[in-house]
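# Observations on the three-dimensional arrangement
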Amino acid sequence: MNNVINNRLLPCRELLAFVIEHRRTHGSADVSNNVNCYVKQFEPMLDIADDGGTMELVSQPLSGQLGDRLIELLSDKRYTSLTIIVAFAKSSGVLRLQEHFERFRERGGVIDVYVGIDLNGTSYEALTLLLACSDSLNIVHSSGEYTFHPKVYNFSGPSQGMIIVGSNNLTGGGLWTNFESALLIPTYAAEPDTQMLHEQIATYLQELSGNDELFRVINTQEDIDLLLKAHLVEREVTSQIRRGQMRNASKTVGDGHQLFQRGIAPRIPPLPRESSDSKQKINSIARSHVENVTVQALKGSETAWFETRKMTGGSRNILDLSMKSLVIKTYRNGVFVEPAQKEIIPGAVEFFGINPDDTNATKDITLNFNGVDYSGNTILFPVGEKANGTWRIQLKGQSDKGVKITDAFKREASAEGKVEPFLTYKVIAFSRITADHYLLSIYPESQIEEFMEASLVLAYNGQSVHSRLWGSLRND
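Cut-offs applied
Residues numbered from 1 in each chain as written. Predicted model: local features only at pLDDT ≥ 70, side-chain atom pairs only at ≥ 80, totals over all residues. Heavy atoms only, no water. Helix = DSSP H or I, 4+ residues; strand = E, 2+ residues; numbered from the N terminus. Buried < 20%, exposed > 50% of the residue type's maximum accessible area, 1.4 Å probe, protein only. Axes fitted to C-alpha atoms, helices over the stretch in contact; angles between N-to-C directions. Parallel < 35°, antiparallel > 145°, perpendicular 65-115°, else oblique. Left-handed = near helix turned anticlockwise from the far one by under 90°. Contact = heavy atoms within 4.5 Å. Nonpolar A, V, L, I, M, F, W, Y, C, P; charged D, E, K, R; others polar. Core = buried A, V, L, I, M, F, W, Y, C linked by side-chain atoms within 4.5 Å. Patch = residues over 30% accessible without salt bridge, like charges linked within 9 Å, V, L, I, M, F, W, Y side chains within 5 Å. Areas by Shrake-Rupley, 256 points an atom, 1.4 Å probe, with all protein chains shown as cover. Salt bridge = Lys/Arg side-chain N within 4 Å of Asp/Glu carboxyl O. Pairing = 2+ DSSP bridges. Phe/Tyr/Trp six-rings, centres within 6.5 Å; stacked < 30°, edge-to-face > 60°.

Our next topic: the overall build of the protein chain. Of regular secondary structure, the protein chain possesses 14 helices and 20 strands. Across the 476 residues in the protein chain, those meeting the buried criterion constitute 49%.

This paragraph deals with unusual backbone geometry. With glycine set apart, most residues show a phi of negative sign, and most peptide bonds adopt trans. With omega at -5 degrees, the peptide bond leading from Gln 60 into Pro 61 counts as cis. A positive phi is found at Asn 120, a non-glycine position, where the angle reads about 55 degrees. Assignment of secondary structure puts Asn 120 in the loop between β3 (110–116) and α7 (124–133). Backbone geometry places His 231, a non-glycine residue, at a positive phi of 60 degrees. Mapped onto the secondary structure, His 231 falls in the loop between α10 (221–229) and α11 (236–248). Accessibility expressed as a relative area gives 70% for His 231, which makes it exposed.

Turning next to the packing of α7 against α10. The axes of two packed helices give the description: the angle between them and the distance between them. The geometry of α7 relative to α10 is characterised by a closest axis approach of 10 Å and an angle of 165 degrees between their N-to-C directions. The angle between the axes of α7 and α10 places the two elements in the roughly antiparallel class. The handedness of the crossing between α7 and α10 is right-handed. Of the residues in α10, those in contact with Tyr 124, Leu 127, Thr 128 and Leu 131 of α7 are Gln 221, Ile 224, Asp 225, Leu 227 and Leu 228. Among the residues making up the contact of α7 with α10, the classes are represented as 6 nonpolar, 2 polar and 1 charged.

Membership of the largest hydrophobic core comes to 42 residues, with the highest contact counts inside it found for Tyr 153, Ile 164 and Leu 170. Ranked by residues supplied to this core, first place goes to α7 with 6 residues.

On the surface, Met 55, Leu 57 and Leu 183 cluster together into a nonpolar patch covering about 290 Å² of accessible area. Note on placement: Leu 183 falls in strand β7 (residues 180–188).

Attention shifts here to the pattern of salt bridges. Evaluated as defined, the whole model comprises 9 salt bridges. A salt bridge links Lys 363 to Asp 436, with the nearest nitrogen and oxygen atoms 3.6 Å apart. Taken together, the positions of Lys 363 in strand β14 (residues 362–369) and Asp 436 in the loop between β17 (426–434) and β18 (437–444) put the pair 73 residues apart, joining distant regions of the chain. Here Lys 363 matches Asp 436 in class, with each residue buried. With a shortest N-O distance of 3.7 Å, Lys 426 and Glu 416 are connected by a salt bridge. Of this pair, Lys 426 sits in strand β17 while Glu 416 sits in helix α13 (residues 405–416), placing them 10 residues apart in sequence. The class for Lys 426 is buried, based on a relative accessible area of 6%. Judged by relative accessible area, Glu 416 falls into the partly exposed class, the value being 48%.

It is worth spelling out the environment of Ile 164 at this point. When you line up the elements, Ile 164 lands in strand β6 (residues 160–166). Excluding anything up to four places from it in sequence, Ile 164 contacts Leu 66, Leu 70, Leu 73, Lys 151, Val 152, Tyr 153, Phe 155, Ala 182, Leu 183 and Leu 184.

Here we take up the sheet that holds strand β5 (residues 151–156). Spatial ordering of the open sheet is given by β1-β7-β6-β5-β2-β3-β4-β8, a layout of 8 strands whose pairing is mixed. Both outer strands of the open sheet, β1 (56–60) and β8 (215–218), are each paired with one neighbouring strand and no more. The sheet shows a mean angle of 15 degrees between the axes of neighbouring strands, taken without regard to direction. Sheet analysis places β6 next to β7, joined by 7 bridges and oriented antiparallel. Residue pairing for β7: Ile 163 is matched across the bridge by Ile 185. On top of the sheet, α10 reaches β4 (136–140) and β8; it is set at about 130 degrees to β8, its chief contact.

A separate point is the pairing of β7. Burial runs high along β7: 7 of the 9 residues are buried. The pairing of β1 with β7 spans 5 bridges and is antiparallel. Pairing of Glu 56 across the sheet is with Leu 184, part of β7.

A word on the packing of aromatic side chains. Here the structure, examined in full by the defined rule, presents 13 aromatic pairs. Aromatic pair Phe 351 and Phe 352: ring centres 5.2 Å apart, planes at 85 degrees, arrangement edge-to-face. Take Phe 351 and Phe 352: they sit in the same class, and that class is buried. By the ring-pair criterion, three or more aromatic residues cluster together here, those being Phe 306, Phe 351, Phe 352, Phe 430, Tyr 438 and Trp 470.

Set out below in structure tokens:
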């Protein structure tokens, strides 16, 4: 043992690893007191026997997915702070990490986020979510022709850290499904060379935050609303429409042959559910019906949109949801396909996790509208004299401050200078957060053709060609 200790050619970390292993195998009786004290001082910092302390390249999705590694690191109690520096953020990424962010912070961890808003890569919804689950939220944007484009995830703790540098944005694609690469670099307080990396990141952020022309701190929801009004960010449904239109455009050569195929189907974790004991399925579309390609397409949807026309109810706040739907067309294998014969699929109510045939079921959902959660919006199949034989959703929720969502609609109508109720002659879009929680976006009826062009499935909200339209969109 003394020969090993006296060998100055042996690197410090290898020496400590040897001593740690020797102590665990043979005890500490034959190790000098000085070495024992030295090991006790630095062993917590290295933990070499547990993780190897080596760099790792994650070549997503072939050799792992960075989102899974982030979840592991967020649960590691050796790290007490996380700094995220990314170009883009979407709810598809934030929502899958949100509960892990919250647990990290509950045990005293601090999360600081620096995100760009160029190229419409960051959404209004993602910023709203990040404001709620981070300790500081900061925007970096240049009005010139320059893009803020880094992707760095910096974990640090008293004794060690982990710096991740790569191509992965804070989106579902960037963290799970896109082809990306990221280098994971472990750092140690006992190693000045690796600690210098953390210092360089801190200096970089200090320089950014000191530039008032391109740096803005987000303190309130009103700050995010201001970005939306200035068209610096947009709602995700707007982005989905644009991507859907691009996706649905032809990508074939003259003979109709596609130059590229999908090739791989990476796994992405399902969005978290509101309650673990809920019997409702997030994607239950094929639960009680014969599965076909149209139903399969609906399974990939996290957003459903509806044509409102006149609406019903005294405040015009009731939206009908069909028990069955007549298909107009479906996007399959790169092209739109119109059914050769009449095709009936489960009604729009199944998007909300309700079996259309179970007319005794009711469900209350929470809707996030303009950054505020309104709970108590009821989905039911009405009975009695005023029943019209179809499912409906009553948009009547209240915030935790007692504000009614209908009052929020009235404010929007007033801002538009609109006399009739706000929801009439609109397109309403519901984007799923959990089985019981949805983002609500509202668009003018004049944009309905854009929704139709971008949809994975386009159908009538009923079995008649006179029914209102509805469709599904795929999230990022």
